[in-house]
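Below are the chains, spelled out letter by letter.
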Amino acid sequence: MEKKTDVVIVGTGASGLFTALSLPEEKKILMITKTDLESSDSFLAQGGICVLKDDADYECYFEDTMRAGHYENRKESVDILLRKSQDAIRDLVKYGVEFEQKDGSFLYTREGAHSKPRILYHRDITGEEITSKLLEQVKQRENITLFEYTAMTDIIEEKGCCIGILAEREGETIRILAEDTVLASGGIGGNYQHSTNYPHLTGDAIEIGKRHGVCMEHLDYVQIHPTTLYSKRAGRRFLISESVRGEGAVLYNKKKERFVNELLPRDVVTKAIYKQMEEDGTDFVWLSMEHISQETILKHFPNIYERCLEEGYDVLKECIPVVPAQHYFMGGIRVDSFGRTSMPNLYAVGETSCTGVHGRNRLASNSLLECIVFAKQAAKDIVEKAGRI
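From a predicted model like this one, the values you see are computed outputs, not experimental measurements.

Student: Tell me about the side chain of Asp 41, residues and numbers included.
Tutor: Mapped onto the elements, Asp 41 comes out in the loop between β2 (29–32) and β3 (49–50). Here Asp 41 sits buried without a salt bridge, and the closest side chain of opposite charge, Arg 236, lies 6.2 Å off (N-O distance). Setting aside chain neighbours within four positions, we find Asp 41 in contact with Thr 196, Asn 197, Tyr 198 and Leu 201.

Printed below as a string of structure tokens:
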């Protein structure tokens with residue numbers, strides 16, 4: 001089977017959806033996803049999405065991002081992320097996303113390595129709130145076609161340019177020809193035994209890109225999240241959002257003694273936990289929410305509260321066992337400020353891409369913001385490129 005379209009987008013997470021919504025409705029768009037529409041890591045994001053609160057926060061937010069990334073971040077990318085963050089939030093609100101408010105003003109929470117609260121949130125299911133609302137908008141667009149259970153198997157290259165992709169759907173090979181191709185297929189967590197990612201996210205776009213000589217960057221930059229709910233069962237690990245620690249949760253060793261500043265960058269906290277587990281001879285450490293009010297837990301973290309109950313832990317009364325697990329991929333297909341890869345007509349956005357925003361270690365809640373900001377950048381370039389031709 002052969003299909004022709006203006007733009008093909010591989011992935012239906014936040015970055016893919018926002019790219020589609022940022023393109024003009026005159027463009028014919030085909031989006032594919034490896035499983036069902038809602039099985040993207042964007043749906044799983046709990047904590048929130050960062051935003052530059054005001055001009056006075058610029059230097060502080062910039063420094064927090066750089067410090068967390070061990071100063072290996074691309075400064076121009078960080079600058080774009082911050083300066084376009086308020087527009088990104090306005091766009092999301094326009095699409096129906098609801099962030100927590102009080103008396104008509106946004107509420108902000110704080111997470112590790114942030115100097116101050118600057119994270120917007122929707123309870124503890126911010127990713128689901130954002131991605132579901134974007135998906136609703138995409139489904140209403142007559143110019144966008146969605147293919148579920150369709151896996152990209154290759155990109156089609158002609159004279160050094162990308163002219164589309166090959167995909168498998170229900171045992172049939174589909175040749176999808178497109179003027180522009182956007183890779184938004186998520187991270188690599190499915191390659192790990194313990195990960196917060198969906199198991200089908202195995203870095204397909206990375207491997208395919210390598211075969212075609214597409215430039216990659218920092219493929220060894222993998223973030224381990226310090227706190228996922230410990231379980232002896234195999235499978236995806238349930239994330240205990242960093243905003244729980246931002247609101248006052250503390251980490252204890254087996255003697256119920258604190259052993260680390262819980263608001264240090266993720267890689268630092270992770271190392272401290274591994275060291276403590278080795279000293280204690282345990283497979284986990286304890287996380288206590290005793291310093292967070294019951295009202296805050298039930299209102300801000302209802303999903304975490306319910307999931308822990310299902311596992312036999314009442315966070316209102318007891319500590320929960322937590323362990324680090326693979327969480328995020330800072331490397332990927334190297335792109336410029338407009339999502340352009342080293343191959344003409346091929347773009348990458350979201351976790352598949354490496355914009356350089358995160359450096360060696362991502363600052364909490366910068367990922368959803370990166371998805372939105374650079375998806376719009378890529379869409380802008382696609383439109384302007386068409387105008388130049």
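Still to come is the rest of the account.
Student: Can you tell me about the nonpolar core, naming the residues and giving the values?
Tutor: Formed by 55 residues in total, the largest nonpolar core has its most connected members in Ile 49, Leu 92 and Leu 134. No other element matches helix α11 (residues 366–388), which puts 10 residues into this core. Core analysis: the next-biggest nonpolar cluster, separate from the first, contains 26 residues, Ile 206, Met 216, Phe 329 and Ile 333 among them.

Student: Summarise the sheet that holds strand β15 (residues 320–329); cite the residues concerned and give the values.
Tutor: Strand order in the open sheet formed by four strands is β12-β15-β14-β13, and the pairing between neighbours is antiparallel. Here the strands that pair on one side only, and so sit at the sheet edges, are β12 (222–229) and β13 (250–252). The sheet shows a mean angle of 45° between the axes of neighbouring strands, taken without regard to direction. Both β13 and strand β14 (residues 285–288) contribute to a ladder of three bridges, which runs antiparallel.

Student: Describe the pattern of salt bridges, naming the residues involved and giving the relevant values.
Tutor: Within this structure, the stated rule accounts for 25 salt bridges. Put simply, Glu 207 and Lys 210 hold a salt bridge, and the shortest N to O gap is 3.3 Å. Placement of the pair is Glu 207 and Lys 210 together in helix α6 (residues 204–211), with a separation of three residues, close to one helical turn. On the basis of relative accessible area, Glu 207 is assigned to the partly exposed category, the value being 42%. Classification of Lys 210 by relative accessible area gives partly exposed; the value is 40%. Salt bridges here are not isolated pairs; linked through shared partners, they connect Asp 57, Glu 63, Asp 64, Arg 67, Lys 116 and Arg 118.

Student: Could you give an account of the sheet that holds strand β18 (residues 353–354), with specific residues and numbers?
Tutor: Spatial strand order, β11-β16-β18: three strands in an open sheet with mixed pairing. The open sheet has two free edges, formed respectively by β11 (216–217) and β18, since each of these has just one partner strand.

Student: Could you give an account of unusual backbone geometry, with specific residues and numbers?
Tutor: Unusually for a residue other than glycine, Lys 159 sits at a positive phi of about 55°. Along the chain, Lys 159 turns up in the loop between β8 (150–158) and β9 (161–169). With a relative accessible area of 84%, Lys 159 lands in the exposed category. For Glu 170, which is not glycine, the phi dihedral falls at a positive 50°. Looking at the secondary structure, you find Glu 170 in the loop between β9 and β10 (172–183). Glu 170 sits in the exposed class, given a relative accessible area of 77%.

Cut-offs and rules
Residues numbered from 1 in each chain as written. Predicted model: local features only at pLDDT ≥ 70, side-chain atom pairs only at ≥ 80, totals over all residues. Heavy atoms only, no water. Helix = DSSP H or I, 4+ residues; strand = E, 2+ residues; numbered from the N terminus. Buried < 20%, exposed > 50% of the residue type's maximum accessible area, 1.4 Å probe, protein only. Lys, Arg positive; Asp, Glu negative; His and termini not counted. Salt bridge = Lys/Arg side-chain N within 4 Å of Asp/Glu carboxyl O. Contact = heavy atoms within 4.5 Å. Core = buried A, V, L, I, M, F, W, Y, C linked by side-chain atoms within 4.5 Å. Pairing = 2+ DSSP bridges. Axes fitted to C-alpha atoms, helices over the stretch in contact; angles between N-to-C directions.

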